[in-house]
Amino acid sequence: MNELIGALPILLHAFVTTLELTFLAALTSLVVGIIAAAMRVSPVPPLRWAVSVYVRFVRNTPLTIVFFITVFGLPQVGINFSFFAFALLALTLYTGTFVAETLRAGIQAIPIGQIEAARATGLTFIQVLRYVVLPQALRSVVPPLASVFIALFKNTSIASAFGVAEAIGTMTNMVNVHSTIVLWVMGATAIIYIAFALLFGRAFAWLERKALIVR
Amino acid sequence: MPDSLIVLDKVNKWFGGLHALRDINLSVKAGEVVVVAGPSGSGKSTMCRTINRLETIDNGTIFVNGEPLPAEGRELAKLRSEVAMVFQQFNLFSHLNILDNVALGPMKVRRQPKAEAHQQARDLLVRVGIGDQAEKYPAQLSGGQQQRAAIARALAMRPKAILFDEPTSALDPEMVNEVLEVMTQLARDGMTMLVVTHEMGFARRVAHRVVFMDTGQIVEEAPPEAFFTNPQTERARDFLGKILK
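Just so it is clear, the model here is predicted, and its values are computed rather than measured. (Residues numbered from 1 in each chain as written. Chains lettered and ligands numbered in written order. Predicted model: local features only at pLDDT ≥ 70, side-chain atom pairs only at ≥ 80, totals over all residues. Heavy atoms only, no water.)

Chemist: Break down the interface of chain A and chain B for me, citing the residues and quoting the values.
Modeler: Each partner contributes residues to the interface: chain A has 20 residues there, and chain B has 24 residues. Between chain A and chain B, the buried area comes to about 1900 Å², and carbon and sulfur atoms account for 62% of it. Looking at the side of chain A facing chain B, the largest losses of area belong to A:Arg119, A:Ala120 and A:Thr121, adding up to 28% of the total buried there. Across the chain A-chain B interface, the total number found is two salt bridges. Note that A:Glu116 and B:Arg49 form a salt bridge whose closest N and O atoms lie 2.7 Å from each other. Where chain A packs against chain B, one counts six residue pairs in polar contact (both at pLDDT 80 or more). Only helix H5 (112–121) and helix H6 (125–140) of chain A provide two or more residues apiece to the side of chain A that touches chain B. With eight residues, the single largest contributor to the side of chain A that touches chain B is H5(A). Of the residues contributing to the side of chain A that touches chain B, the split by class is nine nonpolar, seven polar and four charged. (Contact = heavy atoms within 4.5 Å. Buried area = accessible area lost by both parts, 1.4 Å probe. Salt bridge = Lys/Arg side-chain N within 4 Å of Asp/Glu carboxyl O. Polar contact = N/O pair within 3.5 Å; in protein donor to acceptor, adjacent residues only side chain to side chain. Helix = DSSP H or I, 4+ residues; strand = E, 2+ residues; numbered from the N terminus. Nonpolar A, V, L, I, M, F, W, Y, C, P; charged D, E, K, R; others polar.)

Below, the structure is given as structure tokens:
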């Protein structure tokens, strides 16, 4: 027990990296997802095809392989980042596909009449997206986006296999050192994950109430 | 037709195998109020929606202000801002309050400063009789109020003409008149209007001309008095017999 209490601060500290990776990747994948969803509904066929290919390939590839390709593939063509940046890139590419698909569902839920009204007013395609479609689509997909981002939070653990000292990487090291308390360390790690995930859930529930549109 | 604001010249449209618009020729002069009547499925709404290209056509030409309708893009967006539309389902933007619904077009399309666009929006909401609803959201308004807000939104663009696509068909009966009154006032003020409607009372009182459509064709075109008292075709007599009971 004393061993566990001694290990806890190190574990908690590792969660700082996990959280950094989560928040940064959430932000970048939101941007990627919005751009991809906009391209997916654009009137320009090549843009739609490009996104369709991106979503189909990346969404259906195991995240570990996406990591492998970024971490080991990009240096082959002369692109070198830190492990953290590679992890951020891999998580963004992967999560971006889920954000894009979630948003597309939100876009499809908007009554077509509102889009016609926006076009009939003289707004351009980009303006219709920006002022009418996306504000409503984003509001309506807050609950499913919460699931996407909680999955992202846990997916950051894959980065441990690629040299990023986040929570799971630290936990593994700790287990190797303190072999008598393996289950305790793992249990504590799981509890911290659950605690943060619950916290995110609460934050999204609050956001959902704020974003609610009266129909 | 130099003074015609809207001209449809031999316009045809098919929905798959259905010939939805057949050789439509129609012109609307500036300041004119034209009511389009006809049974359901006769192509009235489709015709109305081709004028701002919410529906594309298969052949023929549509001129607005002497210019043929441009293809999708900035030119079309500009033209749409000059020919406003009021829809059956109101189609207000659910996430914006009534004031922002009315001010959005002027701010984003016309680049009006916010204060000016808001002031104009407030004035227009007063004009359509819902000045006290500006801060509410669409879902908090009755159908009649929503449709008047949609008319204010159309007016905010200072359009050359307004297309009304069955503006009272989705309303509860007690709210039809409040919308028709606003439209009547617009007509008196000299707005160019093309109105697809089943409100024959409105047509009789306000229209300069009634266009009767059936099976995608314009069957009859006459001043309201002549159309209602002395319809020339069997189809128009049949339609009026059913609707005026």
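Still more to cover.
Chemist: Pulling in residues and values, what's your account of the packing of helix H4 (residues 83–108) of chain A against H6(A)?
Modeler: Residue and element names in this part refer to chain A. Closest axis-to-axis distance for the H4/H6 pair is 8 Å, and the angle between their directions is 115°. On the basis of the axis angle, H4 is roughly perpendicular to H6. As H4 packs across H6, the resulting crossing turns out to be right-handed. Residues Leu103, Gly106 and Ile107 of H4 form the contact with H6, whose participating residues are Val133, Leu134, Ala137, Leu138 and Ser140. Residue composition of the contact of H4 with H6, by class: six nonpolar, two polar and no charged. (Axes fitted to C-alpha atoms, helices over the stretch in contact; angles between N-to-C directions. Parallel < 35°, antiparallel > 145°, perpendicular 65-115°, else oblique. Left-handed = near helix turned anticlockwise from the far one by under 90°.)

Chemist: Report on the nonpolar core, specifying residues and quantitative values.
Modeler: Counting 79 residues, the largest nonpolar core has A:Phe67, B:Leu8 and B:Leu194 as its most contacted members. Apart from the residues lying within four places of it in its own chain, the contact partners of B:Leu8 are B:Ile24, B:Asn25, B:Leu26, B:Met47, B:Thr50, B:Ile51, B:Thr61 and B:Ile62. Listed in part, the 54 residues of the second largest apolar core include B:Ala117, B:Leu180, B:Ala187 and B:Phe202. (Core = buried A, V, L, I, M, F, W, Y, C linked by side-chain atoms within 4.5 Å. Buried < 20%, exposed > 50% of the residue type's maximum accessible area, 1.4 Å probe, protein only.)

Chemist: Before we move on, can you summarise the pairing of strand S7 (residues 161–165) of chain B with the specific residues and values?
Modeler: Residues and elements named next belong to chain B. Within S7, five of the five residues are buried, leaving the element largely enclosed by the surrounding structure. Judged by which residues are buried, S7 turns out to be covered on both faces: Ala161, Leu163 and Asp165 on one side and Ile162 and Phe164 on the other are all buried. Of the strand pairs in this sheet, strand S6 (residues 83–86) and S7 are connected by four bridges, and their pairing is parallel. Of the residues in S7, the one forming a bridge with Met85 is Leu163. (Pairing = 2+ DSSP bridges.)

Chemist: So what's going on with empty space enclosed by the protein? Which residues, and what values?
Modeler: Taken as a whole and assessed by the stated rule, the structure comprises one cavity of 30 Å³ or more. Its volume calculated, the largest cavity comes out at about 80 Å³. Together, A:Ala117, A:Ala120, A:Thr121, B:Arg80, B:Ser81, B:Ala84, B:Met85, B:Phe87, B:Arg153, B:Ala154 and B:Met157 line the largest cavity. Every element with two or more residues in the lining of the largest cavity is listed here: H5 of chain A together with helix H2 (74–82), S6 and helix H5 (143–155) of chain B. (1 Å grid on protein atoms, 1.4 Å probe; cavity = no way out; pocket = protein on both sides within 12 Å on 5 of 7 lines; lining within 4 Å. Points joined across faces, edges and corners; volume = space filled by probe spheres on them.)

Chemist: Account for the side chain of A:Glu101, with residues named and values stated.
Modeler: All names here are of chain A. Relative to the helices and strands, Glu101 resides in helix H4. The class of Glu101 is buried, set by a relative accessible area of 16%. Setting aside anything within four residues of it in sequence, one finds Glu101 in contact with Arg40, Val55 and Arg59.

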